[in-house]
Amino acid sequence: MVDPTTLDAWLIAWLLLPFLAAFSSALLPRLARPLALVCVLTTLAWGVWASLPGRQVLFELIGSLGVQLQLDGVAAPFLLLNALVVLAVLVDSWRQPPPGPFLLLLMVLLGGLNSSFLATDLVSLYVALEVVGITAFLLILQSREPRQLWIALRYLLVGNGVMTLFLIGTGLLYLYTGSFRLQSLQDLPPGSTTLAVGLALVMLGLLTKAGVFLSGLWLPQTHAEAPAQVSALLSGVVVAGGICPLLRLALLLPAQQPVFTWVGLASVLLGLVYALGDGDLKRLLAWSTLSQMGFALLNPAAGGLFVLGHGVAKGALFLAAGKVPSRDLSLWGRQPLAPALALPLLVGALSIAGAPPLLGYYTKATLETLPITGIPGLPVQLLGWLLPLLMVGTAAVYARICWLPLGAGWQVPAPGGLLLALVLVLVGLVAPLLPGGSPFPSTAALGKGLGVLAAGAAVEALRRGLRRPVTALGFRHRLRLPNLESLIDLLGALAVVGAGLQLLLLRMQPLSADLLVVEAVCLV
Amino acid sequence: MPDPFRLLEAMVLLTALVGLLGLIWRRNLFLRALALDVMGTGAISLFVLVAARSGLRTPILARGELALTAVPSIAWADAIPQAVILTAIVIGLSIQALLLVVIARLSRLDPLLDTASFEALVIAAPPEAAAGRRA
């Protein structure tokens, strides 16, 4: 057994390493690539270490009122995800790094995200998320074209505006609890207005960073217009920086789970409708991120694994999408793709849709194993058909991508995407054998999974069949979805979601004591 | 006479709200960044206010004043929010700087800094993406 103080020292060294490495790589640019690789591999090692059962390290810096960090089972899948996606981006840019201080920013992003996954007090969380936000902003700015300037500016305006609200919420909560700890929110008396306002503002900040529901409307355009590698980072891990603390919050406050449930479901629906209606490959992927993050909130105990499965697949998809000749989906499938480029697209799409031997199938299955009470806030009889229906929607979105002819050729345009696709396949094959992993799927579960996929393909076939008559009859114009992505919509949506959360939290009655006991058992 | 603490709290929150409204409704990008700063001012004053709730005397002592710690009647300010908000002030400042750099770059395109003219950049831009949106 390792001595706890030595363990703490190693942990702090690991958290600081990316920042030190970034600083040294600014002085010695030649060292940048090996240093970045070291940062990624140490993160991967800690992620594996933390995902073994029973591992939990809680440590405090500068006394009991200072920074509090916690490495546990909640953070583990996020650390793995961070390491894998950054590794893939690093592999992709190994030969020819993008212009500007790309690798330096990559290391800072890795470090900032690691801190945000581990932080369990609101102020450290604020600092970590702002570091992530600023780094993501600088990454988007890679080529200084006007469009990217505008997208980056929009991202920073929305992100910083909402983080200021998060800070105000933190201050209001401190008035009541006298502490910035997430745990101290547990023993709050229900029903106070200031408290509901504070909690709503904190949740709004995290929901916006995670790209959920209306507060995540900034996401599609930003993820679609950013350079390919940056899109992979943003859609794969940066949104996870908001999801991880949200899951911690949901696990600590089971009485508020109905709020998470409804926001999550609304996000799933919004993302699905817009993803089905969009004609651009990268925008389709980005809208789908918005819907998948909603899924993660439905079952906080399994949300981390789900985000891991989604992020790895989304990273592969975005890295490959950057190398595709045309992003236009109406021309999709006319040009054959090289197998090394088509493979990440196919495997990523199938994994998110939930095809059985891949990682995505298992993470989805874990998400569906709900506590006996079902999803709090949702009638159980609704749940039986609602979840499969939403999964069919996801399959239908990804069926649009799977329609692609294979070409010939051995060139490997997106090695990082290929790497992530291999991870999806290998982990999917090994998953049943891991300690504490899910068992091999039973025939019933397998049948259900395949049924969902078939239904998704059928929806896509129907959509293709209806396209010509709808255009011919002139319905296309009327069926267009409203554009919700101007800056005033994004900022207005923040105000709307914030107000809605406050109303929900104020009206929410605390669950009865015996129900709470039942839930506590399930969540452990 | 209302409790002065509640009154100040309400005014601080009002400042943040005014900032938010400015951020939403101003068309000029520079004024939007300014509104963001107003919001930040609200957040900082809230922390200062929270720190002053338990007292006004800053808990920093000179060498000869150590005996003061034993005096129970002195109302000390809470040092934790004060310490915490320093970080947020630094972050807010650096973000303002970054925003202004980008806004200065964008002003070459439209010196009036009207938000709508920059939104048109993305909607009307590359031929392939635009074709995808039409189809």
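Note: the structure precedes this text.
Right, let's walk through the structure included here. (Residues numbered from 1 in each chain as written. Chains lettered and ligands numbered in written order. Predicted model: local features only at pLDDT ≥ 70, side-chain atom pairs only at ≥ 80, totals over all residues.)

Quick look at the overall build of chain B now. Helix and strand counts for chain B come out as five helices and zero strands. Scanning chain B from its N terminus toward the C terminus, one meets helices and strands in the order α-α-α-α-α. Over its C-alpha atoms chain B spans a radius of gyration of 23 Å, topping by over 25% the 14 Å that the globule rule assigns to 135 residues. Dimensions of chain B, computed from C-alpha atoms along their principal axes, come out at roughly 75 × 40 × 30 Å. Across the 135 residues that make up chain B, the buried fraction comes to 26%. Of the contacts formed within chain B by residues at least 6 apart in sequence, a portion of 52% connects residues at least 24 apart. (Helix = DSSP H or I, 4+ residues; strand = E, 2+ residues; numbered from the N terminus. Rg over C-alpha atoms; globule rule 2.2 N^0.38 Å. Buried ≥ 20, exposed ≤ 12 C-beta atoms within 10 Å, placed from the backbone. Contact = placed C-beta atoms within 7 Å.)

Turning to the interface of chain B and chain A, a few remarks are in order. Note on interface size: it is often stated as the accessible area lost on association of the parts. In this assembly, 39 residues from chain B lie in contact with 39 residues from chain A. When residues of the side of chain B that touches chain A are traced back to their parent elements, those giving at least two are helix 1 (4-25), helix 2 (29-51), helix 3 (79-106), helix 4 (115-123) and helix 5 (127-134) of chain B. The element contributing the most residues to the side of chain B that touches chain A is helix 3 of chain B, with 13 residues. Of the residues in the side of chain B that touches chain A, the class split is 29 nonpolar, five polar and five charged. (Nonpolar A, V, L, I, M, F, W, Y, C, P; charged D, E, K, R; others polar.)

Now for the environment of D121(A). Residue and element names in this part refer to chain A. One can find D121 in the loop between helix 4 (102-118) and helix 5 (122-140). C-alpha of D121 to C-alpha of Q68: the two residues are 53 residues apart in sequence and 5.8 Å apart in space. Setting aside anything within four residues of it in sequence, one finds D121 in contact with V67, Q68, F180, R181 and L182.

Further remarks concern the environment of G294(A). Residue and element names in this part refer to chain A. Mapped onto the fold, G294 is located in helix 12 (residues 281-298). Take G294: there are 27 C-beta atoms within 10 Å of it, and that puts it in the buried class. Taking the C-alpha atoms as reference points, G294 and A22, separated by 272 residues in sequence, lie 33 Å from one another. When neighbours within four sequence positions are excluded, G294 is seen to be in contact with V212, F213, G264, L265, S267, V268 and G271.

A few words now on the packing of helix 6 (residues 146-177) of chain A against helix 3 of chain B. In contact at an axis separation of 10 Å, helix 6 of chain A and helix 3 of chain B are set at 160° when each is read in the N-to-C sense. Compared by their axis directions, helix 6 of chain A and helix 3 of chain B come out roughly antiparallel. Taken as a pair, helix 6 of chain A and helix 3 of chain B cross one another with a handedness that is left-handed. Of the residues in helix 3 of chain B, those touching helix 6 of chain A at P146(A), L149(A), W150(A), A152(A), L153(A), L156(A), N160(A), L167(A) and Y174(A) are P81(B), A88(B), I95(B), L98(B), L99(B), V102(B), I103(B), R105(B) and L106(B). (Axes fitted to C-alpha atoms, helices over the stretch in contact; angles between N-to-C directions. Parallel < 35°, antiparallel > 145°, perpendicular 65-115°, else oblique. Left-handed = near helix turned anticlockwise from the far one by under 90°.)

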